[in-house]
Amino acid sequence: MSHIAVMSSPVFSHVNPTLGLVRELVARGHRVTYVNIPAFADQITATGARFAAYTSTLPIANGLPPQTKNALDMLELSVNEDISLLPQLREIFEADPPDLVVNETGTDAIRILARNLGVPTIQFSTTVVPWEGQREYVLQQAAAVLDDLRGVELGQRFIAWLADNGMADVDPVEFMLGEPERALVLIPRYMQPLPEAVDANRYTFVGWCADQHSARVGWERPAGVAKLAFVSVGSVLTDRPSFYRECLAAFGDLPDWHVVLQIGKHLDAVALGDLPANVEVHRWVPQVSVLEVCDLFVTHGGMGSSMEGLRSGTPMIVVPFANDQFGNAERLVDLGVARQLDSAQVTATRLRATVGELLSDRQVAARVALLSKELRAENGPARAADLVEDCLR
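Owing to the predicted nature of the structure, the values given are computational and were not obtained by experimental measurement.

Participant: Explain the overall build of the protein chain to me, please; I cannot follow it from the model alone.
Facilitator: Within the protein chain, the regular secondary structure consists of 16 helices and 13 strands. Compactness check: the protein chain gives a C-alpha radius of gyration of 22 Å against a globular reference of 21 Å for 393 residues, within 12% of the reference. Within the protein chain, buried positions represent 50% of all 393 residues. Sequence-distant contacts in the protein chain: of pairs separated by 6 or more residues, those separated by 24 or more amount to 64%. Within the structure as shown, the protein chain displays about 17400 Å² of accessible surface, and the carbon and sulfur contribution to it stands at 51%.

Shown next, in the form of structure tokens:
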């Protein structure tokens, strides 16, 4: 039995894709310590892992929506988090060091701890990874950010922190943005742009690794409902009342349809106005359980939601708003399981027309069934656990 430390970013969409792997490692007899914020204690302990809490400085980890997309602001948030986190990690593992660290790319503090302890690491990504040519562009962008006066100050602070913790020999930009020696990619290969340009010696696509055991909590399709639509834009950027109102106008009182609308914690349901009789609104629902029994998924196209839609075999209308959602939407359309709508042009009329087109397409029905079957057969948690055990050996 080995002691394995696991750490991901303190966001549901980053924690959830790891929980199947953690459960599999525990089932194989390993002792797993999963470090994260208290909000995820229940999900983590449900896998059989030991939960170790830390206090995060990130706004998103403290119940606040993202405040900025400015690169310098985000860099400062990252540096502050690393500096705050490292002493907490030392306290957690001081008396019980791990044999291996499994960490998400970007969690730099635990990489420093692993090096200080002489412990091997294997990283993981819950979304797409760099491909040939893209990494060089990212490094150039990072260098441009650090040329700014404030960027120089942040860079010097980060360099000093690295040196204080036994890492004076590393290039700070390479350390923060460089490619890992070994990494698990917790998505299928077909969700990666230009998969043939990804370094196969570094990155292994293992498939979806969410915990299907704990994800299926009690939720039942309402009795007598002919067609069920689920509308959700994830767990972070959820304050989108105008989008929700268009969805309500599209499906409200539509014969045979029932709608489950998830609005998250950043919006007051009063902003939606009067609700049609066939709509139920929740801050949170067990998404996997709902998707297993619904006929349509209207989603923002986050990687977690995209994978859960694929695994459940649910046709999707994807309305991307930010970040990797645009690329995910394109790939879902290319896979033949979705239609994409521009968020700035979503109207009730367009939504209704798209629903009719999507659900009347027999090829869509065949593709969602096929990809669901393939994704379930991949058994991502077992494949990922095999590679983690290879690192232990």
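Here the narrative resumes, following the displayed structure.
Participant: So what exactly am I meant to see when it comes to the sheet that holds strand S6 (residues 183–185) here?
Facilitator: Sheet strands associate in pairs through backbone hydrogen bonding, adopting either a parallel or an antiparallel arrangement. If you walk across this open sheet you meet the 7 strands as S3-S2-S1-S4-S5-S6-S7, and the pairing is parallel. The open sheet has two edge strands, strand S3 (50–53) and strand S7 (203–205), and neither has a second partner. When strand polarity is set aside, the average angle formed by the axes of neighbouring strands in this sheet is 25°. Summarising the sheet, S6 and S7 pair through 3 bridges and their orientation is parallel. Along S7, the bridge assignment pairs Ala 183 with Tyr 203. Each of strand S1 (3–7), strand S2 (31–36) and S6 touches helix H2 (residues 19–27); the most contacted strand, S2, lies at about 155° to it.

Participant: Any chance you could explain unusual backbone geometry here in plain terms?
Facilitator: Residues other than glycine predominantly adopt negative phi, and peptide bonds predominantly adopt the trans conformation. Of note in the backbone geometry, Asp 253 takes a positive phi value of approximately 60° without being a glycine. With respect to the helices and strands, Asp 253 occurs in the loop between helix H10 (241–251) and strand S9 (257–262). Among the residues examined, Asp 253 registers a relative accessible area of 57% and is labelled exposed. At Asp 256, a residue that is not glycine, the phi angle is positive and equals roughly 75°.

Participant: How do you make sense of the layout of surface pockets when you look at a structure like this?
Facilitator: Gaps left between atoms are located by rolling a probe of water-molecule size over the structure's atoms. Here the second largest pocket defines a volume of roughly 360 Å³. Surrounding the second largest pocket, 16 residues form its lining, Arg 111, Pro 120, Thr 121, Gln 123 and Glu 181 being those nearest its centre. When residues of the lining of the second largest pocket are traced back to their parent elements, those giving at least two are helix H5 (108–117), strand S5 (121–125) and helix H8 (172–177). A per-element tally of the lining of the second largest pocket places S5 first, with 3 residues.

Calculation criteria
Residues numbered from 1 in each chain as written. Predicted model: local features only at pLDDT ≥ 70, side-chain atom pairs only at ≥ 80, totals over all residues. Heavy atoms only, no water. Helix = DSSP H or I, 4+ residues; strand = E, 2+ residues; numbered from the N terminus. Rg over C-alpha atoms; globule rule 2.2 N^0.38 Å. Buried < 20%, exposed > 50% of the residue type's maximum accessible area, 1.4 Å probe, protein only. Contact = heavy atoms within 4.5 Å. Areas by Shrake-Rupley, 256 points an atom, 1.4 Å probe, with all protein chains shown as cover. Pairing = 2+ DSSP bridges. Axes fitted to C-alpha atoms, helices over the stretch in contact; angles between N-to-C directions. 1 Å grid on protein atoms, 1.4 Å probe; cavity = no way out; pocket = protein on both sides within 12 Å on 5 of 7 lines; lining within 4 Å. Points joined across faces, edges and corners; volume = space filled by probe spheres on them.

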